[in-house]
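An overview of the molecular structure
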Amino acid sequence: MSHLSPPAVAVVGGGPAGLMAAEMLAEAGHVVDLYDAMPSVGRKFLLAGVGGMNITHSEAWPQFVARYGSRSAVLRPYLDGFDALALRDWVHGLGIETFVGSSGKVFPREMKAAPLLRAWLQRLRERGVRFHVRHRWLGWDADGALQFSTPDGLRTVPVHACLLALGGASWKKLGSDGAWVPVLAGAGAEVVPLAPANCGFDAGWTAHFAERFAGQPLKSVRLCMRLPDGQVLSRLGECVVTATGLEGGLIYAFSAPLREAIAREGQAHFELDLLPAREADWVLQEVARPRGSRSMASHLQSRLGLKGVRAGLLRECLPREVFNDPALLAAGIKALPVRVHAPRPIDEAISTAGGVAFESLTPGLMLKSRPGVFVAGEMLDWEAPTGGYLLTACLATGRAAGLSMATWLTNAG
């Protein structure tokens, strides 16, 4: 590929990681061609901003980095290179103001993704980035040129180097379908199987409970889960009862250990504290008070405020005889046993786990098996909860891979 002059540089994938990589390459003086399978770029980015564009989080940096779990150490250099403060400064540089919400999440002032994306694309075009939409990447031909399926047929593009930022496999209607997995595996990369992350889980509700409570929110409950090593994970938050199980921020935060337990044992167990603001002794005292002729449902509502979906969950998850034993019932209210048996399908997930293993890459995120091919974003083997962590790591790895690719091109030239 060395006969090409000037260096032909391609970025494949128009999500946050690909756009950031293109920006770094353009700043380094390269003419960048960016290809995306969809009719326009940034589609998942725009969808993520529908409910309020959460760009990063303001918590202390050690806690922030710890949100990436087992991949915290390997991601740390990239995150350090583009931390939450740097990300906010970058957004401000696009003319978009930000603010920190009460939860510590950081949002654009307008709470929308579209103005940010418009400003970003304008800057990229001003820096010479050329966009090619409706170009679905198929892999390489025998000479190492990129191959794309387009409305006009097969297109072959010779390049000196390319950067792949094709996303995971969630929300495939927005472009990330995981079709790249066998292509990269065939190119010698180790690819950890993709799995749903930040997803709901099926609990096998009875038809009566599902029909009555699907869609009902569970606000301010505490989820506790014991790991195989004895560690107990605990978090206060909110979730939603669905027709098949549970979903929402609190459940998403536990998607990795829940998914791993199901893979290991066929099911996962956790406990919900339905009254986290109340001490166990108080709950027992109120449950044990004489209720006279009142039903247990009326008693729990009047003494503890338990009604609606919380009361329904008690009936769904506890044996009938427990309601005749105040001690067992009080214990169930503070630690309601819940069992889930399957994550929701990957295409329903907000993000995916798995992807190109870091062991297959240089520290600069280049494939060891195919020099000149760089990888960034959700294609890499990491996962994180919602709350700005996903976007931050996509931008950070896109930036790092773009800078590394620019250096490689200079040295290779």
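In the block above lies the structure referred to throughout.
Residues numbered from 1 in each chain as written. Predicted model: local features only at pLDDT ≥ 70, side-chain atom pairs only at ≥ 80, totals over all residues. Heavy atoms only, no water.

Some remarks on the pattern of salt bridges
- Evaluated as defined, the whole model comprises 17 salt bridges.
- The salt bridge involving R289 is made with E286; its shortest N-O contact spans 3.1 Å.
- Residue classification places R289 among the partly exposed positions, given a relative accessible area of 33%.
- In this structure, R303 engages E286 in a salt bridge whose closest nitrogen and oxygen atoms are separated by 2.8 Å. Residue R303 is found in helix α12 (residues 296-304), and its partner E286 is found in helix α11 (residues 280-288); the two are separated by 17 residues along the sequence.
- Three or more residues joined by partner-sharing salt bridges are found here, namely E23, E27, R123 and R127. (Salt bridge = Lys/Arg side-chain N within 4 Å of Asp/Glu carboxyl O. Buried < 20%, exposed > 50% of the residue type's maximum accessible area, 1.4 Å probe, protein only. Helix = DSSP H or I, 4+ residues; strand = E, 2+ residues; numbered from the N terminus.)

Topic: the packing of helix α4 (residues 72-81) against helix α15 (residues 389-412)
- Contact geometry of α4 with α15 gives a least axis separation of 8 Å together with a crossing angle of 85°. With respect to each other, α4 and α15 are oriented roughly perpendicular. Every residue of α15 that contacts α4 at L75, Y78, L79 and G81 is listed here: T392, A393, A396, T397, R399 and A400.
- Of the residues belonging to the contact of α4 with α15, the class tally is 6 nonpolar, 3 polar and 1 charged. (Axes fitted to C-alpha atoms, helices over the stretch in contact; angles between N-to-C directions. Parallel < 35°, antiparallel > 145°, perpendicular 65-115°, else oblique. Contact = heavy atoms within 4.5 Å. Nonpolar A, V, L, I, M, F, W, Y, C, P; charged D, E, K, R; others polar.)

A few points about the environment of A197
- By the secondary structure assignment, A197 is in strand β11 (residues 191-197).
- On the accessibility criterion, A197 (0% relative accessible area) is buried.
- Separated by 154 residues in sequence, A197 and S351 have C-alpha atoms that sit 5.2 Å apart.

Remarks on the state of the cysteines
- Summed over the entire model, instances satisfying the criterion amount to 0 disulfides.
- No disulfide involves C199; its sulfur sits 13 Å from the nearest other cysteine sulfur, which is in C239.
- Judged by its relative accessible area of 2%, C199 is buried.
- Of the cysteine sulfurs around C317, a residue in no disulfide, the closest is that of C239, at 11 Å. (Disulfide = S-S within 2.5 Å.)

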